[in-house]
Amino acid sequence: MKLKWLSMLLALALVFSLAPAMALAEDYDVFIGGARITSENCQDVLNDGGSVKYDNENRTLTLTNADLSKVWYQGDKENTGHIYSVGAITINLEGSNVINSAYPNGDLTIIGNEGSTLTVNGVYYEIPPQYGTAALQSNECITIKGGTYKINESIGSAINSVGYKDGTNGTITIENASVNATGKTGGLIGHEVIISNSDVDVTATYAAVQAMVGNITIEKSEVDAHSDSSVTFYSGSPLDWDYCSTANITVKASTVNATSGGSYAFYTITDGTMTFEKSVVTASTTAENYPAVYNEGTVKAEGSWLDFGKLHNIEDAQITDSVLFDGTSGSVYGNAQI
């Protein structure tokens, strides 16, 4: 009998040794609506045929006609169609997509393919693993390349890359994209803001476009920005923060319209430089006793058409080959060929 039991145990051991090992699902540090992505669900995260897929090797989340606004956090009544990751992440867009927010704690890169769109309905969350006060938020860099975007934020800023870090790592870059952004408080708020080859329309209660510690650069773009009650293009941060040394605003080969309902249209808090080159720029404010353009440093213009309403320290401006309207009067400088 003992030999018979021994033979059976040996046979079972052989069977188990030849059977393929059951692989355990690997947890990834990316969440959709509060639910973690794993190696088991990464090819069809929402279980809807594959509108959301995740490639962990390249840290790329692909949205294909995905509607994350219908994703709900497990056990909670609040709609949480947001994207969160521990570390940098790239979101690849195909078709028409909707999310409620995205806020990784690393770099956020969004790449829009031809004809792709992304609607972001920013809302506030108080549920794990993270909460945000911007539609797109990161304490690192945020980059948008290609595609068409509609961003609405009901509580904070439309796009915020400042987080709680000091330094110059929080750059917002918009390249070859069409962006319509509305923020309850701010519009595009970063340590530095770069807009190139893009069409951008941004509205906010306070600063529409602010570079906290660096520069605002607009090149080969059309930008329409409005602030309800504060500065529209604001380069710099409060001096008592003690990490903003020089702030500049540069506009090249672009059309820019800036309007303020309560302060300056263009403003640098330091003695930086505002440069307008081969551009058409309109700046206006409805606030009494405020010039539309204010800079304690240098204002330079070349080959541009400028309608500034009123320019602070106009006598110190360096203007060549341009037309400048300052209030009710206009002047031609050099050989203006717009």
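Here the structure is a predicted model, which is why all the values come from computation and not from measurement.

Visitor: Give me the lowdown on the overall build of the protein, citing residues and values where you can.
Guide: Along the protein, the regular secondary structure elements total one helix and 34 strands. Out of the 338 residues belonging to the protein, those deemed buried represent 48%. Sequence-distant contacts in the protein: of pairs separated by 6 or more residues, those separated by 24 or more amount to 52%. Of the roughly 15,900 Å² that the protein leaves accessible, carbon and sulfur atoms contribute 50%.

Visitor: Can you tell me about the sheet that holds strand β31 (residues 305–307), naming the residues and giving the values?
Guide: Read across the open sheet, the eleven strands follow the order β7-β10-β13-β16-β19-β22-β25-β28-β31-β33-β34; overall the sheet is mixed. Two strands lie at the open edges of the sheet, namely β7 (96–99) and β34 (329–333), each paired on one side alone. When strand polarity is set aside, the average angle formed by the axes of neighbouring strands in this sheet is 5°.

Visitor: Mind laying out the sheet that holds strand β21 (residues 215–219), listing which residues take part and the relevant values?
Guide: With mixed pairing, the twelve strands of this open sheet are ordered in space as β3-β4-β6-β9-β12-β15-β18-β21-β24-β27-β30-β32. The open sheet has two edge strands, β3 (52–55) and β32 (318–320), and neither has a second partner. Between one strand and the next, the sheet's axes are offset by a mean angle of 5°, whatever the strand orientation. Looking at chain direction, β3 and strand β4 (residues 60–64) are connected through four bridges and run antiparallel. Residue V52 lies in a different strand from β4, and its bridge partner there is L63.

Visitor: Tell me about the environment of I91, and name the residues and values.
Guide: Turning to its location among the elements, I91 is positioned in strand β6 (residues 89–94). Expressed as a C-alpha distance, the spacing of I91 and L61, which sit 30 residues apart in the sequence, is 4.8 Å. For I91, the residues in contact, after removing those within four places along its chain, are L61, L63, I83, A102, L108, T109, I110 and I111.

Visitor: Describe the nonpolar core, with residues and values.
Guide: One recurring pattern in soluble globular proteins: nonpolar side chains tend to sit buried together. Among the nonpolar cores identified, the biggest contains 68 residues, and I151, L188, F233, F266 and F276 are the most heavily contacted of them. Excluding anything up to four places from it in sequence, I151 contacts V120, A135, L136, A158, I159, V179, N180, A181 and T182. Ranked by size, the runner-up nonpolar core spans eleven residues in total, among them I189, A207, V213 and V231.

Visitor: Please provide a residue-by-residue account of the pairing of strand β24 (residues 248–252), values included.
Guide: With respect to burial, β24 is a largely interior element, four of its five residues being buried. Note that β21 and β24 share five bridges and pair parallel. Its bridge partner being in β24, E219 is matched across the sheet by K252. Examined bridge by bridge, β24 and strand β27 (residues 273–277) share four bridges and lie parallel to one another. From the neighbouring strand, K252 faces β27, where its bridge partner is E277.

Visitor: Could you give me a rundown of the packing of aromatic side chains, with the residues and numbers involved?
Guide: For the structure on display, the rule yields twelve aromatic pairs. Ring geometry for F266 and F276: centres 5.6 Å apart, planes at 90°, overall edge-to-face. Of this pair, F266 sits in strand β26 (residues 266–268) while F276 sits in strand β27, and the two are ten residues apart along the sequence. Overall, the relative accessible area of 0% leaves F266 in the buried class. For F276, a relative accessible area of 1% corresponds to the buried category. Each residue in the set Y234, Y264, Y267, Y290 and Y294 is aromatic and connected to the rest through ring pairs, giving one cluster.

Visitor: I'd like a rundown of the environment of I144, residues and numbers included.
Guide: Relative to the helices and strands, I144 is located in strand β12 (residues 142–145). Under the relative-accessibility criterion, I144 is labelled buried at 1%.

Visitor: Mind laying out a negative patch on the surface, listing which residues take part and the relevant values?
Guide: Side chains of D199, D201, E222 and D224 sit close together on the surface and give a patch of like negative charge. Those elements giving two or more residues to the negative patch turn out to be β19 (199–204) and β22 (222–227). The exposure class assigned to D224 is partly exposed, which follows from its relative accessible area of 33%.

Visitor: Residue-level account of the side chain of S161, with values.
Guide: Along the polypeptide, S161 turns up in the loop between β14 (157–160) and β15 (171–175). Among the residues examined, S161 registers a relative accessible area of 0% and is labelled buried. A polar contact is formed between the side chain of S161 and the backbone oxygen of G170, at a distance of 2.4 Å. When near neighbours in sequence (up to four residues on either side) are disregarded, S161 contacts S138, N139, E140, I142, G170, T171, I172, I189, G190 and H191.

Visitor: Explain the pairing of strand β16 (residues 178–183) to me, using residue names and the numbers behind them.
Guide: Burial of the side chains of β16 is restricted to one face: V179, A181 and G183 are buried, whereas none of S178, N180 and T182 on the reverse face is. Pairing between strand β13 (residues 148–153) and β16: six bridges, direction parallel. Each bridged residue has a counterpart across the sheet, and for K150 the counterpart in β16 is N180. One ladder, built from six bridges, connects β16 with β19; its direction is parallel. Bridge pairing links T182 to T203 in β19.

About the cut-offs
Residues numbered from 1 in each chain as written. Predicted model: local features only at pLDDT ≥ 70, side-chain atom pairs only at ≥ 80, totals over all residues. Heavy atoms only, no water. Helix = DSSP H or I, 4+ residues; strand = E, 2+ residues; numbered from the N terminus. Buried < 20%, exposed > 50% of the residue type's maximum accessible area, 1.4 Å probe, protein only. Contact = heavy atoms within 4.5 Å. Areas by Shrake-Rupley, 256 points an atom, 1.4 Å probe, with all protein chains shown as cover. Pairing = 2+ DSSP bridges. Axes fitted to C-alpha atoms, helices over the stretch in contact; angles between N-to-C directions. Core = buried A, V, L, I, M, F, W, Y, C linked by side-chain atoms within 4.5 Å. Phe/Tyr/Trp six-rings, centres within 6.5 Å; stacked < 30°, edge-to-face > 60°. Patch = residues over 30% accessible without salt bridge, like charges linked within 9 Å, V, L, I, M, F, W, Y side chains within 5 Å. Salt bridge = Lys/Arg side-chain N within 4 Å of Asp/Glu carboxyl O. Lys, Arg positive; Asp, Glu negative; His and termini not counted. Charge placed at Lys NZ, Arg CZ, Asp CG, Glu CD. Polar contact = N/O pair within 3.5 Å; in protein donor to acceptor, adjacent residues only side chain to side chain.

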